[in-house]
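# Coordinate analysis (summary)
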Amino acid sequence: MTGLVAAALLFGIPGAGWLLLLRRPDGAASWGSAAESFLFGVGASGTALFALGWMGFPLRGGVFAVPVVLGVVAGLVGGRRWRQERSGRTADPAGGPGVGRASDDGAPSPASRRSRWLHGAIVTLLLLPPLAMTLAHVESVPLVDWDGRNFWLLKGRAILHEGAIDGPFFRGETSRHQHSQYPLMLPLAAASTWSALDGTDEREVRGLYWLVGVALLFAIRGRLRREFGAMPADAVAVVLAWTPQLLWREGGMLTAYSDLALAAFLALGFFELRDRIAGRGGEAWRAGLWLAFAVQAKNEGALLAAIVVGVALVAALARRQKIAPLREGAALVAAPLAAVALLAAWRSRIPLLEDENYSALARDLPARLGELPGAIVALLGAMAHLDDWGLFWAAVLVALGVALARRERRLDGCLCGGTIAAALGLYAAVYAASSGWELHELAVASGARLASHLVGPAAVLLAGLLAARPQTSGS
Amino acid sequence: MLRRFLLPAILLAAAAVTTAPWLVSSWKLVDWLDGQPRWRRRVAVDGEWTADLRALRSELPAGEPVHLVGDPGDVESRRILGATVFHLYPLVVRPFGPRARLEEVRESGEVPAGSFVEVMPGTPHHLRRLAPDDVAPWPRLVVPFAAELIGSRGIRYRTTLTLRAEERESTVLLRARGTGVASTPRRVVLAAGESRTVDDIFAASTGGTGLAALEMRAAQAVEATAELVATRGEEVVRLPLPVLRPGEWPDAGRWVRLHRLAGTREAGRWRLWGVNLGGEPAVVEASWTAGGRTERATLRLPSGGLAVLPDDALPGWPAEGDVELRLEGEPNTLVFASRRAPAALATEMSWGEPTGERP
């Protein structure tokens, strides 16, 4: 439990501070904004520590505290700014442009108070068993997963031991180092937690990974509630909270993988961008920050961020939105490009050891295009596996069809469907180009886990289907 | 109604079909583990091998790398290998490969420093530290010799080795190495106390310059004697050859007086031969006195084999006359001189004698 509390404070507090600086506060505390604060804290701290490590700062106690201090200072500055603004202006119920949003929970009416209470109780009762049980599991059962021990947490230990992200371990000069060029956001977050607790036991960082998974659920729920209302958002959150792949399969919140962090950053970048296109207060540069965190979380992050940006730009152009494309576009891609450049600069110092060779995959792809249909079938088969995802993706497919059929929800259909289809196409292409592996083996080993990256856009489609009345996708 | 309640209920039920049993089993597991020490919990969920890992952790020296011997093709071995690297960090731990590879490097003598831990899933000892005797490189013996074969029409050379296992059965790997000679290792198994003569490791009957050494590696101690046998028709000459252990090489890292090389035109010209059986290029510093003049030269020997030093390696080396040679070689290097009179049957070889520190 100490690790859980330490991770919540280490990343939640600076994350809340940064978000307070970057957007107008909601006014009321909510689980959704707390979840976003935590995720922003993980993303910003991990990225900041990576940059500090790349610049040669020794990653030890004092340096690990830098993101926390910066986050607190940002919070003080942001809080003062919003207080001054609030006291200096007259009532503005709609809020100004670029406003994050008002309350997650909506305004309760006295007549519906009892039904709201009942709704809340049912949702709590449904969310509690999986979340409480996974928390008990995290606290009591040792970590046994493959990737977490083979590289993610091993990298975290090496960072803490060597005080660097390019030390002998990362150069392959000491212990075995697989996937040497994987991004280090989560290992840095783990090292930061260990540093605060003065230990290297994996028990102390399992809370961090559990919190990332829970924050993903609540961040999605919070964003969906603002738009679709409580019932669809809670329904989607409950379904996701019971989904085996997100809970206890390899890559879920019981393991020390980086997939759920990637899914969270991608989802929040996607939500922000979608809000911007629909004129609901999203900001392109804020979307860019979330997508930059996705780049820093996992290798796939850069390509998935490019897909989100590409699909969103196409949608914006199709709607002939009155935005300044150059300025907005630059604001959107600046942070992800900086994250890619930072990763590339670090990778130039790190030999490629037991890692995917993406340039070789790209080179081999044209010769192996014949494998693509089989790869798509294998990937979709893994997503349709009841033991991993239940009927989630089948429902998303139905929701996509409904969204595309309805004029008022077509934008969502295009944005979410385009993002999901492009991402799955990318993964299928990687499967097809991976010679030496059976497609079936690849799909069994990773298909269900890779699908979790797309849970944000999928949740939007599902919430749209469950919404009581057709929601307009934009102004 | 269908959309708002029934669809979420169906989706929840489809997920819960798998998750609910897991929740129950997870609850039981958590309840069962409650109160148990951490390592017991790990054994319970990760397997018995983690108990061995716990014992190993206190047994392994802190500053030494650990080599994990196990079959990377076996999923369970791979799982244990990866997790062991994690749990033993910051000890330097690397997968080494299967047991067969360990035997190969033992035979070749290139065993890396550090501890060896064997991963054997499905056995009572899943992780076992190998004893020093199980990982020690096979002791090496070298029989260097030179065979000047130029103009040796009608002369056949061969080496004979007499090997005798001491107390235990021993496997001996034999091979010839040198310029123009590269035989694949041959395996000879000797029973305890058995003596055997092997005479076909090196044999030459054609012209040219032959330079070779016999290299032996034996799993257990063996006694060995060697000789070079030259035959021409009925005439047979046997020249005893030294059997050296690397540490016994006369010019390994110290100054020696190689020999007073009295030469005449009739007796043939002395030539120098370099042996470097180390893994890195080696340097031998040489100085010699001939005709009242002292010359110095640095000889560079390529790694991993034998070389005849080119004529221009030692400028001023006399074609004949007395020469006193001093050498300072690096470990694993050996320089010796040989000559063969044009009409003589056998090569004559000369080895140095230690003279102490560098003058």
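Each value, and the rule that gives it
Residues numbered from 1 in each chain as written. Chains lettered and ligands numbered in written order. Predicted model: local features only at pLDDT ≥ 70, side-chain atom pairs only at ≥ 80, totals over all residues. Heavy atoms only, no water. Helix = DSSP H or I, 4+ residues; strand = E, 2+ residues; numbered from the N terminus. Rg over C-alpha atoms; globule rule 2.2 N^0.38 Å. Buried < 20%, exposed > 50% of the residue type's maximum accessible area, 1.4 Å probe, protein only. Areas by Shrake-Rupley, 256 points an atom, 1.4 Å probe, with all protein chains shown as cover. Lys, Arg positive; Asp, Glu negative; His and termini not counted. Charge placed at Lys NZ, Arg CZ, Asp CG, Glu CD. Patch = residues over 30% accessible without salt bridge, like charges linked within 9 Å, V, L, I, M, F, W, Y side chains within 5 Å. Salt bridge = Lys/Arg side-chain N within 4 Å of Asp/Glu carboxyl O. Phe/Tyr/Trp six-rings, centres within 6.5 Å; stacked < 30°, edge-to-face > 60°. Lys NZ or Arg CZ within 6 Å of the ring centre and 35° of its normal. Core = buried A, V, L, I, M, F, W, Y, C linked by side-chain atoms within 4.5 Å. Contact = heavy atoms within 4.5 Å. pLDDT = per-residue confidence, 0-100. Pairing = 2+ DSSP bridges. Buried area = accessible area lost by both parts, 1.4 Å probe. Expected span 1.5 Å × (residues − 1). Axes fitted to C-alpha atoms, helices over the stretch in contact; angles between N-to-C directions.

### Some points on the overall build of chain A
Scanning chain A for helices and strands turns up 20 helices and 0 strands. Rg of the C-alpha trace for chain A: 21 Å, near the compact-globule value of 23 Å for 475 residues, within the 12% margin. Each of the three principal axes of chain A carries a C-alpha extent, and together these read 65 × 55 × 50 Å. Within chain A, buried positions represent 59% of all 475 residues. Summing over all exposed atoms, chain A offers an accessible surface of approximately 18,200 Å²; the carbon and sulfur share of this is 65%. Averaging the coordinates of the 43 positive side-chain charges in chain A and doing the same for the 36 negative ones gives two points 10 Å apart.

### Side note on a nonpolar patch on the surface
All names here are of chain A. A cluster of nonpolar side chains, M1, V5, L9, I13, V72 and L76, forms an exposed patch at the surface whose accessible area comes to about 550 Å². A per-element tally of the nonpolar patch places helix α1 (residues 2-22) first, with 3 residues. For M1, the location among the structural elements is in the segment before α1.

### Here we look at the packing of aromatic side chains
Each pair of aromatic rings is reported with the distance of its centres and the angle of its planes. Counted by the stated rule, this structure contains 20 aromatic pairs over all chains. A cation over an aromatic ring shows up here: A:R286 above the ring of A:W285, its NZ or CZ 5.8 Å from the ring centre.

### Details of the nonpolar core
Counting residues in hydrophobic clusters, the biggest one holds 179 residues, and the most contacted among them are A:L39, A:L224, A:F265, A:F392 and A:W393. Of the residues forming this core, the biggest block, 15 residues, is contributed by helix α7 (residues 203-228) of chain A. Ignoring any residue separated from it by four or fewer positions in sequence, one finds A:F392 in contact with A:V239, A:L240, A:V455, A:A458, A:L462 and B:L11. Counting residues in hydrophobic clusters, the runner-up holds 23 residues, among them B:V188, B:L190, B:I201 and B:L228.

### Looking at the environment of A:F57
All names here are of chain A. If you trace the backbone, F57 turns up in the loop between α2 (31-54) and α3 (61-88). Classification of F57 by relative accessible area gives partly exposed; the value is 41%. Taking the C-alpha atoms as reference, F57 lies 7.7 Å from A164; in sequence the two are 107 residues apart. Once residues lying within four places of it in the same chain are set aside, the contact partners of F57 are L52, V63 and G163.

### Side note on the confidence of the model for chain A
Residues and elements named next belong to chain A. Averaged over all residues, the pLDDT of chain A equals 87, while 91% of them reach at least 70. When mean pLDDT is compared element by element in chain A, helix α6 (residues 185-197) scores highest at 95, while helix α14 (residues 358-364) scores lowest at 81. Low confidence marks residues 91-104, where pLDDT is under 50. Its contacts with residues over four positions away, or in another chain, come to 23 contacts. Predicted confidence is poor over residues 471-475, with pLDDT under 50, and the contacts of this stretch with residues over four places away or in other chains come to 19 contacts.

### Notes on the pairing of strand β3 (residues 115-119) of chain B
Residue and element names in this part refer to chain B. Within β3, 5 of the 5 residues are buried, leaving the element largely enclosed by the surrounding structure. On β3, burial covers both faces: S115, V117 and V119 on one face and F116 and E118 on the other are all buried. With 4 bridges connecting them, strand β1 (residues 66-69) and β3 associate as parallel partners. Residue pairing for β3: V66 is matched across the bridge by S115. Looking at chain direction, β3 and strand β4 (residues 127-129) are connected through 3 bridges and run antiparallel. Bridging from a neighbouring strand, E118 pairs with R128 of β4.

### Details of the interface of chain B and chain A
Residue-level contacts link 42 residues of chain B with 53 residues of chain A. Interface area for chain B against chain A, summed over the two sides, is near 4,200 Å², with a carbon-plus-sulfur share of 69%. Ranking the residues of chain B by area buried against chain A places B:R38, B:F86 and B:Y89 at the top, with a combined share of 19%. Where chain B packs against chain A, one counts 2 salt bridges.

### Let's talk about α2(A)
Residue and element names in this part refer to chain A. Helix length check: α2 (24 residues) gives 34 Å between terminal C-alpha atoms against 34 Å at 1.5 Å per residue, within 8%. Burial analysis of α2 places 19 of its 24 residues in the buried class, the great majority of the element. After α2 finishes, the residue G56 shows a positive phi value of roughly 100 degrees.

### With respect to unusual backbone geometry
The linkage connecting B:Y89 with the following residue, B:P90, adopts the cis geometry, with an omega of 10 degrees. Checked against the element boundaries, B:P90 lands in the loop between α4 (75-88) and β2 (93-97). Even without being a glycine, A:H179 presents a positive backbone phi close to 45 degrees. Along the polypeptide, A:H179 turns up in the loop between α5 (146-162) and α6. Not every positive phi belongs to a glycine, and A:D198 is a case in point at roughly 55 degrees. Note on placement: A:D198 falls in the loop between α6 and α7. In this structure A:D198 comes out as exposed when scored by relative accessible area, which is 73%.

### Notes on the pattern of salt bridges
Residue and element names in this part refer to chain A. If you walk through the whole model with that rule in mind, you get 30 salt bridges over all chains. Between R223 and E272 there is a salt bridge, with its nearest N and O atoms 3.0 Å apart. Of the two residues, R223 sits in helix α7 while E272 sits in helix α10 (residues 259-277), which places them 49 residues apart along the sequence. Taken as a pair, R223 and E272 share a single burial class, namely buried. Among the salt bridges present, the one from R274 reaches D412, with a minimum N-O distance of 2.4 Å. With R274 in helix α10 and D412 in helix α18 (residues 410-433), this residue pair connects regions lying 138 residues apart in the sequence. Each member of the pair, R274 together with D412, is buried.

### Looking at the sheet that holds β3(B)
Strand pairs in the sheet, formed through backbone hydrogen bonds, run parallel or antiparallel to each other. All names here are of chain B. Overall, mixed pairing links the 4 strands, which are arranged β2-β1-β3-β4 in an open sheet. The sheet is open, and its two edges are formed by β2 and β4, each paired on a single side. Direction aside, the axes of adjacent strands within the sheet are offset by 30 degrees on average. Across 4 bridges, the pairing between β1 and β2 is parallel. Residue pairing in the sheet places V66 in a bridge with V93 of β2. Sitting on the sheet, helix α3 (residues 49-59) touches β3 and β4, and the angle it makes with β4 is about 25 degrees.

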